[in-house]
Amino acid sequence: MQAQSSAIDFLPIIFQVIVALGFVVTTLVATHFLGPKRKTSDKLETFEAGIKSVGNARQPFSIKYFVVAILFVLFDVEVIFMYPWAVNFRTLRMDGMIEMFIFMGTLLLGFIYVIKKKVLDWN
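Just so we're clear, the structure is a prediction, and the values are computed from it rather than from any experiment.

A. Structural detail: the overall build of the protein. A count of helices and strands for the protein gives five helices and zero strands. Each helix (α) and strand (β) of the protein, taken in turn from the N terminus, gives the series α-α-α-α-α. Each of the three principal axes of the protein carries a C-alpha extent, and together these read 70 × 60 × 20 Å. Sorting the 123 residues of the protein into buried and exposed places 5% on the buried side. As presented, the protein carries roughly 11,900 Å² of accessible surface, and 70% of it is formed by carbon and sulfur atoms. Computed over 12 positive and 9 negative side-chain charges, the inter-centroid distance for the protein is 9 Å.

Below is the structure:
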């Protein structure tokens, strides 16, 4: 028989969320009213990692940087899905092995597509 949960069981979680949100709101409001308000030209100037900004911030640059970053995140997250499979490898038996081969085949197809489209060529 499964244990039934009621709304009262979630009361501590709701209370913790309310306290956390109250702390955030109180801190933001307090710093807004209590903090110093000295605006100088140096403080209002744009700052980028200690380097003086030169030119327009809307300058276009190659999309390949973003594509490579997205591909890295995509394949990195896919590897994370392999850890639970590796931990439960013996209990999953042949069904788990077939599912992992399908998963790896899908990854391989994605990688072949990336190579065929020459996404990783920087020329």
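B. Expanded view of the packing of aromatic side chains. Evaluation of the coordinates by the stated rule reveals three aromatic pairs. Ring geometry for Tyr-65 and Phe-66: centres 5.5 Å apart, planes at 75 degrees, overall edge-to-face. Overall, the relative accessible area of 53% leaves Tyr-65 in the exposed class. Given the relative accessible area of 41%, Phe-66 is considered partly exposed.

C. How the structure looks around the environment of Leu-28. By the element assignment, Leu-28 lies in helix 1 (residues 11-34). Leu-28 gets classed as exposed once you look at its relative accessible area, which sits at 57%.

D. Expanded view of the UniProt feature "transmembrane region" (unreviewed entry) in the protein. As recorded in UniProt, the sites labelled "transmembrane region" (unreviewed entry) are residues 13-34, 65-85 and 97-115. With 95% helix and 0% strand, residues 65-85 has its two end C-alpha atoms placed 32 Å apart. Helix makes up 100% of residues 97-115 and strand makes up 0%, while its end C-alpha atoms are separated by 26 Å.

E. Main features of the side chain of Glu-78. Here Glu-78 is to be found in helix 3 (residues 64-80). Here Glu-78 sits buried without a salt bridge, and the closest side chain of opposite charge, Lys-117, lies 19 Å off (N-O distance). With residues near it in sequence (within four places) discarded, Glu-78 still touches Phe-103 and Leu-107.

F. Geometry of unusual backbone geometry. Even without being a glycine, Arg-93 presents a positive backbone phi close to 55 degrees. Here Arg-93 is to be found in helix 5 (residues 89-116). By relative accessible area, Arg-93 is classed as exposed at 65%. The phi dihedral of Lys-118 is positive, around 55 degrees, even though this residue is not glycine.

G. Spatial organisation of the confidence of the model for the protein. Across the protein, the average pLDDT comes to 86, with 94% of residues at 70 or higher. Per-element confidence in the protein ranges from a low mean pLDDT of 79 for helix 2 (residues 41-44) to a high of 95 for helix 1.

Definitions and limits used
Residues numbered from 1 in each chain as written. Predicted model: local features only at pLDDT ≥ 70, side-chain atom pairs only at ≥ 80, totals over all residues. Heavy atoms only, no water. Helix = DSSP H or I, 4+ residues; strand = E, 2+ residues; numbered from the N terminus. Buried < 20%, exposed > 50% of the residue type's maximum accessible area, 1.4 Å probe, protein only. Areas by Shrake-Rupley, 256 points an atom, 1.4 Å probe, with all protein chains shown as cover. Lys, Arg positive; Asp, Glu negative; His and termini not counted. Charge placed at Lys NZ, Arg CZ, Asp CG, Glu CD. Phe/Tyr/Trp six-rings, centres within 6.5 Å; stacked < 30°, edge-to-face > 60°. UniProt positions renumbered as here; feature names shortened; annotations may be inferred. Salt bridge = Lys/Arg side-chain N within 4 Å of Asp/Glu carboxyl O. Contact = heavy atoms within 4.5 Å. pLDDT = per-residue confidence, 0-100.

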